[in-house]
Each structure stands twice: as structure tokens, then as C-alpha cells.
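Fold and contact review
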Amino acid sequence: MIKLEVALFATLRRYNPYGESSDPFTIQLPVGSTVEQVLNELKIPVKESKQVFVDNVRREKDYVLQDGQRVAVFPPIAGG
Amino acid sequence: MDPAKLIKAKANEKSIVFDEVEYGALSLAAVRKIASICSLSLREVEVNALEMGVIPQRYERSLGTVGGPAGQLQLLRSRVAIVGLGGLGGLVAELLARMGVGTLVLIDGDRFSESNLNRQIISTEAVLGVQKAFAAATRLKEINAAVEHVVFAQFATPHNLEGMLSGSDVAVDCLDNLSTRFMLQDGCRALNIPFVHGAIAQFYGQVAVIYPGDPGLTAIYGPRDNDKEHGIEKELGNPATTPALVASLQAQETLKILLKIEKSFRNRLLFIDTIQGCFETIQLEGE
């Protein structure tokens, strides 16, 4: 298993299983898990999670995660 | 008539002390009078004055921030393009005009409507139906008539954008859709100028400074996707407060670029969540 630190920002915090907050929390997934598996595990709809940053770098859904990485998920905002 | 003589004569009436040095100061009335006598623009008179170490009084309280008369002179000689004049762009234009950025290029093809009144600082009941770029120019003239403006009351397209940005030192991304934001990035890269990105949605906002060689918008939004034009703001809307917050940071970053204050949001995305009360900074790196 790998341990990941996850933080869900703005409107996505409603998917935080520990209560509606952007505070980071830990999840455990099998070795070889991808960004997509994190989103599935947390039941975050794909269209709401286009901006996933792993250790500060934007990554696509198929990115394979390593133990100890930090995953931050933001909704896209584009208003002016 | 030689403006230097007039500036010298008028500067004796008041002085400003900055950093333990005493400078002559010019009132707005004096700037106007000298401009009229010498057939110069107000901006030219202010530039001439600052070159002689005489400070237009209107900038007195800015000196500590801009680094003294040299910084103010730098701002007056600068040109900034503001792309989009809605919630973000209207306030960015106003703040830069107050700071005395010499030339502002105002780009927006839209007209003010009632749904703008809750947040767009240039919009008033009196200008409903008026083109945003012209309304902004009128407002800026009332605030600081020394600031010159170039009005483009048209929407940015791949054909016109580079021409509108040309000659600017910095562009400010105050747009409300992703395709034009990426178009602005293309234009800035072609002209080799930085731009200050800002976006808002409801209680949230973000700011980043992007230079031509940086990963830029792709590192924030992912690859350009013509089907993805908007973010969560389409469902959540925008209040008065968040645009003001983000626009202030954009204006500040613009001033820092013009003044060559090195530390900036370059290659970082500042994400603001005013519900949670947090400012999150993400390092932006290419994949």
C-alpha cells in the first residue's frame, strides 16, 4: 500500500470524507495507483477535477503515484 | 516656452521630503497650467518634472512603494494592456491609473449590462449599454488625466490581439473565458512580454505571473481544450468582493514587474479560498 496526503480545495472539499474542509488528510491505496484511482476513491466527478497537482506539478489521470506524495485537487475557475 | 523654467518656478511653492531628501513638488493645477502653456500632455509635464527631481504632488504617498521619484518616472513611461474590462479589468485599470502608469491599453468589445452592476467597478447605472472600453477611458480621465489610454472597443481575436498588445511592457489577463486567455498567452509569447493572470469564481480566486518561456496556463488548466471554456463560476457566479481582491493582487504584480521588484508570483499559482480563509501557493512546473 502507499500513503498519500490529499487536500481538496474550494467546492471540492465536500468530497472530504472527514468533513467539509480543505485540511489535508491521509488515504491508503494499493501500490501502482493512479490519480484517477484517488478521484474514484473519493467519488469526485471527473468534470470537477481537471486540476490535480501532485507535489505541486499538474498531472493527468493516468499518473502513477508514489508513497508519500501530496495530491491537491482544485476546481477550474476562469471568471473575470 | 521652456517647460523646465516653469516647472522650476512652480516647484518652489511646496516641497516633499522622501528618504531624507527634499524635493520640489508640483500641484495638479501647476501641471495643467504648464501643459497648456507649453502645448505638452500632462504626462509629458510630469515626466519632465520627475526628470528634474520635481515630484507631482499626486504621487506623494506612492513614493515609498515605488522606490522614490525614479520609480514613479518608470511607471509614467510604462505601458500596460488590460485585456477584459469587467470585474477584474475595471479595477486593475483604476488602480494602475491612480499609481500613474503612463499608458493603459483598454481592450474589451462588450457593453455594460445590469448583471455587471454587482461587481464591475466601472459600471454604473448611467453607463448601462455603453461600451466598457470607452466607459473605462472616461473614468480613468476623471481619476488621473495624465494617464494616456488607447481604447480598443473590440473583442480579442487571433488576428487583432498582437497588434493591440504591441508596445506594452506587460499585459493583464482579466478575461472571462479560457480560449481567449490561451490566445492572450500566445500573443504575449510572440511579443516576448509577461502577463499577469487572474481568475475568479464565487468565493475563490487565483493569480499567477507568466513570462514567455514559462509553462503558463497549461500548467494550471491543462492542455488547451476548446470544449472547456469556463470553470465553476458559470454555476456559482461572482460577487463584488472576490474580483476586487484578485484585481488588487494583479495590479500589484503588474507594478512589481514594471518596477523590477524581482520577487513575484512567477511560476506559482496563488489560489485564494475565502470560505476556508486560506491562500494556497502551488509551484507551477511543466510536466
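Residues numbered from 1 in each chain as written. Chains lettered and ligands numbered in written order. Predicted model: local features only at pLDDT ≥ 70, side-chain atom pairs only at ≥ 80, totals over all residues. Heavy atoms only, no water.

Considering the sheet that holds strand β1 (residues 2-8) of chain A
Residues and elements named next belong to chain A. On the basis of which strands lie adjacent, the open sheet formed by five strands has the order β2-β1-β5-β3-β4 and mixed pairing. Whereas interior strands pair on both sides, the edge strands pair on one side only; in this sheet they are β2 (25-29) and β4 (57-58). For β1 and β2, the ladder comprises five bridges, and the chain directions are antiparallel. Within β2, the residue paired with Lys3 across the bridge is Gln28. (Pairing = 2+ DSSP bridges. Helix = DSSP H or I, 4+ residues; strand = E, 2+ residues; numbered from the N terminus.)

What to know about helix α12 (residues 241-258) of chain B
All names here are of chain B. End to end, α12 covers 26 Å across 18 residues, agreeing with the expected 26 Å (1.5 Å per residue, within 8%). Buried within α12 are the following residues: Thr242, Pro243, Val246, Ala247, Gln250, Ala251, Glu253, Thr254, Leu255, Lys256, Ile257 and Leu258. Among the residues trailing α12, Lys260 stands out with phi positive, at a value near 60°. (Expected span 1.5 Å × (residues − 1). Buried < 20%, exposed > 50% of the residue type's maximum accessible area, 1.4 Å probe, protein only.)

Some remarks on the domain arrangement of chain B
Residue and element names in this part refer to chain B. Per the domain assignment, the segments making up chain B are domain 1 (3-65) and domain 2 (78-283). Taken over C-alpha atoms, the centre of domain 1 sits 31 Å from the centre of domain 2. Tallying the contact residues gives eight residues for domain 1 and 11 residues for domain 2. The junction of domain 1 with domain 2 conceals about 750 Å² of combined surface from both sides, 51% of it contributed by carbon and sulfur atoms. For domain 1, the biggest contributors to the area lost against domain 2 are Arg43, Arg58 and Tyr59; these three give 57% of the whole. At the boundary of domain 1 with domain 2, the tally comes to one salt bridge. In this structure, Arg43 engages Glu148 in a salt bridge whose closest nitrogen and oxygen atoms are separated by 3.4 Å. Put simply, domain 1 and domain 2 have five residue pairs in polar contact (both at pLDDT 80 or more) between them. For the side of domain 1 that touches domain 2, the leading source of residues is helix α3 (residues 42-51), giving three residues. Of the residues contributing to the side of domain 1 that touches domain 2, the split by class is two nonpolar, three polar and three charged. (Domains from an automatic or database assignment. Contact = heavy atoms within 4.5 Å. Buried area = accessible area lost by both parts, 1.4 Å probe. Salt bridge = Lys/Arg side-chain N within 4 Å of Asp/Glu carboxyl O. Polar contact = N/O pair within 3.5 Å; in protein donor to acceptor, adjacent residues only side chain to side chain. Nonpolar A, V, L, I, M, F, W, Y, C, P; charged D, E, K, R; others polar.)

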